[in-house]
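An overview of the molecular structure
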Amino acid sequence: MNDSEFLYDELHIAFLEDLWGEGFLSPGGAAEAARVLDGLEVTGKRILDIGCGSGAIAVMLVRDLGAAHVTGIDVEAPVCAAATRRAAEAGLSGRIAIREVTPGPLAFSDASFDIVYSKDSIIHIPDKEALAVEVFRILRPGGWFAASDWLIAHDDTPSPEMQAYIAAEDLDFTMASPDRYRRALAAAGFVNIGLRNRNPWYRDVARDELARLTGSDYTNLSETYGTEFINAQIATWRAMTAVLDSGEHCPHHLRAQRPA
Ligand SMILES: C[S@@+](CC[C@H](N)C(=O)[O-])C[C@H]1O[C@@H](n2cnc3c(N)ncnc32)[C@H](O)[C@@H]1O
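Under an unreviewed UniProt entry, the protein chain has the name Methyltransferase domain-containing protein and belongs to Seohaeicola zhoushanensis. According to UniProt, the comment filed for the protein chain under the heading Catalytic activity (unreviewed entry) is "phosphoethanolamine + S-adenosyl-L-methionine = N-methylethanolamine phosphate + S-adenosyl-L-homocysteine + H(+)".

Right, dumping it as structure tokens:
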């Protein structure tokens, strides 16, 4: 159980970055974060990053992919502080703005972004339908929503294995199905909706992560974070690999366009 006031506190940020790379609080590092935007023109665009975490993606979007400006929003103070620091260290404070926000409507004017991006954060936002409406509103006509998120394969009661996994994560997950996302995006007015199942990719990656946690990295990580913490992470990864193997846990890339 995480007793901190934050879900992503300093300890969790440090552990996840050890596992996933500096500034990344989701799997796959820069390569997977960039794949979410495959085929979209990013150069010169104004981008909103929902759930920006500790900021490596915002830096990547500007420095490596040529975005004109990134606004990163997140609900947790420690990750916002880390992201702000990272943008400054990269010399990009003028092109990256990090804002701590409260959950709910997005406090931006209509049509203020070319791309709304998100990586594995919408899982924390229960009302996918309201979010789709808000994302549509703040995109300029012709703009794109491009996200990665952790989905569940169906909208029925999660299997006992999935329930055990969600409980082990202890991260306020609210997972929805591909069907529900598709319907939410369509109802909001989006066109060119595309969903790509990333389960086959993450199933393999997660197995490697578990092998690192239990094998090559166990001693070092236990010394750094404590044996109890690392054993709890291993239990979570075991629960997760089971539902990745069954296909019930199915991370997806989501793509949709506001009509021009
Ligand atoms: C798994 S982390 C991913 C962070 C980052 N996108 C990455 O890939 O490294 C999920 C992030 O979503 C943030 N989050 C949770 N609820 C949110 C909300 N309602 N709006 C914006 N961000 C939220 C969390 O604080 C956390 O930083």
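Mapped onto this structure's residue numbering, the UniProt feature "domain: Methyltransferase" (unreviewed entry) falls at residues 47-143. In residues 47-143, helix accounts for 34% and strand for 28%; the two terminal C-alpha atoms are 10 Å from one another.

Glancing now at the site of the ligand. Taken together, 18 residues sit near the ligand, with Leu25, Ser26, Gly51, Asp74 and Lys119 positioned nearest. Measuring from an oxygen atom of the ligand, one finds a backbone N or O atom of leucine 25 at 2.7 Å. Counted by class, the shell around the ligand contains 9 nonpolar, 5 polar and 4 charged residues.

Let's shift gears to the state of the cysteines. Evaluated as defined, the whole model comprises 0 disulfides. As a non-bridged cysteine, cysteine 80 has cysteine 52 as the owner of its nearest cysteine sulfur, 5.3 Å distant. The class for cysteine 80 is buried, based on a relative accessible area of 6%.

Here we come to the nonpolar core. Ranked by internal contacts, the top residues of the largest apolar core, which has 56 residues, are Phe15, Ile96 and Trp237. Sorting elements by how many residues they give to this core places helix 10 (residues 227-246) first, with 8 residues. With sequence-adjacent residues up to four places away left out, tryptophan 237 is seen in contact with Phe15, Leu16, Leu19, Trp20, Tyr202, Ala206, Glu209, Leu210 and Leu213.

This paragraph deals with the packing of helix 1 (residues 10-20) against helix 8 (residues 199-214). At a minimum axis distance of 11 Å, the contact between helix 1 and helix 8 shows a crossing angle of 110°. Here helix 1 is positioned roughly perpendicular relative to helix 8, judged by the angle of their axes. Regarding helix 1 and helix 8, the two cross each other, and that crossing is right-handed. Between helix 1 and helix 8, the residues in contact are Phe15, Asp18, Leu19 and Trp20 and Tyr202, Glu209, Arg212 and Leu213, respectively. Per-class residue counts for the contact of helix 1 with helix 8 are 5 nonpolar, no polar and 3 charged.

Below, the discussion takes up helix 7 (residues 178-188). Those residues of helix 7 not exposed but buried are Pro178, Tyr181, Ala184, Leu185 and Ala188. Looking down the long axis of helix 7, one finds its buried residues gathered within 130° of arc, a one-sided arrangement. Away from its buried face by more than 90 degrees, helix 7 exposes Asp179, Arg183 and Ala187. Lining the buried residues of helix 7 we find helix 5 (128-138), strand 5 (139-149), strand 6 (191-197) and strand 7 (252-257). Glycine 189, located one to two residues past helix 7, shows a positive phi value of around 110°.

To continue, consider the pattern of salt bridges. For the structure shown, the criterion picks out 16 salt bridges. The salt bridge involving glutamate 32 is made with arginine 198; its shortest N-O contact spans 2.8 Å. With glutamate 32 in helix 2 (residues 29-35) and arginine 198 in the loop between strand 6 and helix 8, this residue pair connects regions lying 166 residues apart in the sequence. Accessibility expressed as a relative area gives 12% for arginine 198, which makes it buried. Close ionic contact of arginine 137 with glutamate 134 constitutes a salt bridge, the shortest N to O distance being 2.9 Å. Placement of both arginine 137 and glutamate 134 in helix 5 is noted, with a separation of 3 residues, approximately one turn of the helix. Its relative accessible area of 14% is what places glutamate 134 among the buried residues.

Overall, the coordinates contain 12 aromatic pairs when judged by the stated rule. Note on phenylalanine 15 and phenylalanine 229: the rings are 5.4 Å apart at their centroids and 85° apart in plane angle, and the pair reads as edge-to-face. Of this pair, phenylalanine 15 sits in helix 1 while phenylalanine 229 sits in helix 10, and the two are 214 residues apart along the sequence. Look at phenylalanine 15 and you get buried, because its relative accessible area is 1%. What makes phenylalanine 229 buried here is its relative accessible area of 13%. Taken together through their ring pairs, the aromatic side chains of Phe15, Trp20, Tyr225, Phe229 and Trp237 make up a single cluster.

Parameters and conventions
Residues numbered from 1 in each chain as written. Predicted model: local features only at pLDDT ≥ 70, side-chain atom pairs only at ≥ 80, totals over all residues. Heavy atoms only, no water. UniProt positions renumbered as here; feature names shortened; annotations may be inferred. Helix = DSSP H or I, 4+ residues; strand = E, 2+ residues; numbered from the N terminus. Near = heavy atom within 4 Å. Polar contact = N/O pair within 3.5 Å; in protein donor to acceptor, adjacent residues only side chain to side chain. Nonpolar A, V, L, I, M, F, W, Y, C, P; charged D, E, K, R; others polar. Disulfide = S-S within 2.5 Å. Buried < 20%, exposed > 50% of the residue type's maximum accessible area, 1.4 Å probe, protein only. Core = buried A, V, L, I, M, F, W, Y, C linked by side-chain atoms within 4.5 Å. Contact = heavy atoms within 4.5 Å. Axes fitted to C-alpha atoms, helices over the stretch in contact; angles between N-to-C directions. Parallel < 35°, antiparallel > 145°, perpendicular 65-115°, else oblique. Left-handed = near helix turned anticlockwise from the far one by under 90°. Arc of directions from axis to C-beta. Salt bridge = Lys/Arg side-chain N within 4 Å of Asp/Glu carboxyl O. Phe/Tyr/Trp six-rings, centres within 6.5 Å; stacked < 30°, edge-to-face > 60°.

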